[in-house]
Amino acid sequence: MTAIPAAPELHTERLLLKPLAPEDAEQIQQTFPRWEIVRYLVASIPWPYPPDAARHYVNNVALPAAAEGRGWFWTLRRREAPAQLIGVICLLDEPDNNRGFWLAPEQQRQGLMSEACRAVNDFWFTVLDRKVLRVAKAQANDASRNLSNRSGMRLIRREKKQYVSGELDSEVWEITRDEWLQVKQADGV
């Protein structure tokens, strides 16, 4: 049986994606609990965000999933400020839910999440050798929908789903390995 690779450190033009570690919980706790970040995330995220919720997530959800080969988690940091966590991105071995992310609002609309998604998509398809990547998102989350559209994904299904902000129309988007490799080649990545 082939060992499932752990999340490696990844680099993009402007970002450093460092594997999630227990010491990241403190910065997550300071940065994450903002309505602009959580409103379109899954309803299992507690809101209001409790004082020790980030530590619980890192130590009891994310790191165990990583250890079992069911998840790959990275913190996002600007290369010029590697000590400052600005977001998190993950890959998950779950049906119709393979990638999730959040980014501090002051870092948004700069193309940073597109860079991070390209890096983890490449890991998903070329290192983990997966055949399809699917992501679920609130239909109202225009920024996330636009990112999926720009990255070559396509809408495959609509449904209702519970988010922190309540029950919303939700969408599942996908891209296959072959499609990703075409996008990667066209982008010169």
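Everything numeric in this text was worked out from a predicted model, so none of it was measured.

(A) Looking closely at the nonpolar core. With 29 residues, the main nonpolar core has L17, W72, W74, L76, I89, L91 and M113 as its most contacted residues. In terms of residue count, the dominant contributor to this core is helix 4 (residues 112–127) (nine residues). Not counting residues up to four positions away in its chain, the partners in contact with L76 are L16, L17, Q84, L85, I86, G87, V88, I89, W102, L103, M113 and A116. I37, I45, V58 and L85 belong to the second-largest nonpolar core, a separate cluster that totals 21 residues.

(B) The pattern of salt bridges, seen in detail. Applying the stated criterion across every chain, the model contains 20 salt bridges. R77 serves as the salt-bridge partner of D24, at 2.8 Å between the closest nitrogen and oxygen. Here D24 is found in the loop between strand 2 (15–19) and helix 1 (25–31), whereas its partner R77 is found in strand 3 (residues 71–78), with 53 residues between them in sequence. The same class applies to D24 as to R77, namely buried. Here the salt bridges do not stand alone but share partners, grouping D96, R134, R154, R157, E159, E174 and E179 into one network.

(C) Structural context of the sheet that holds strand 2. The strand order across the open sheet formed by five strands is 1-2-3-4-5, and the pairing between neighbours is antiparallel. In the strand order of this sheet, the two ends are held by strand 1 (10–11) and strand 5 (99–103), each with one partner. Here strand 4 (residues 85–92) pairs with strand 5 via five bridges, running antiparallel. Along strand 5, the bridge assignment pairs I89 with F101.

(D) View of the packing of helix 4 against helix 6 (residues 177–187). One way to put it is that helix 4 packs onto helix 6 with a least axis distance of 10 Å and a crossing angle of 135°. One way to sum up the angle between helix 4 and helix 6 is to call them oblique. Considering the relative orientation of helix 4 and helix 6, their crossing is left-handed. Residue-level inspection shows R118, N121, D122, F125 and T126 of helix 4 in contact with helix 6, the latter providing R177, W180, L181, K184 and D187. Residues that form the contact of helix 4 with helix 6 fall into these classes: three nonpolar, two polar and five charged.

Rules and cut-offs
Residues numbered from 1 in each chain as written. Predicted model: local features only at pLDDT ≥ 70, side-chain atom pairs only at ≥ 80, totals over all residues. Heavy atoms only, no water. Core = buried A, V, L, I, M, F, W, Y, C linked by side-chain atoms within 4.5 Å. Buried < 20%, exposed > 50% of the residue type's maximum accessible area, 1.4 Å probe, protein only. Helix = DSSP H or I, 4+ residues; strand = E, 2+ residues; numbered from the N terminus. Contact = heavy atoms within 4.5 Å. Salt bridge = Lys/Arg side-chain N within 4 Å of Asp/Glu carboxyl O. Pairing = 2+ DSSP bridges. Axes fitted to C-alpha atoms, helices over the stretch in contact; angles between N-to-C directions. Parallel < 35°, antiparallel > 145°, perpendicular 65-115°, else oblique. Left-handed = near helix turned anticlockwise from the far one by under 90°. Nonpolar A, V, L, I, M, F, W, Y, C, P; charged D, E, K, R; others polar.

All we've got here are geometric facts, nothing functional implied.
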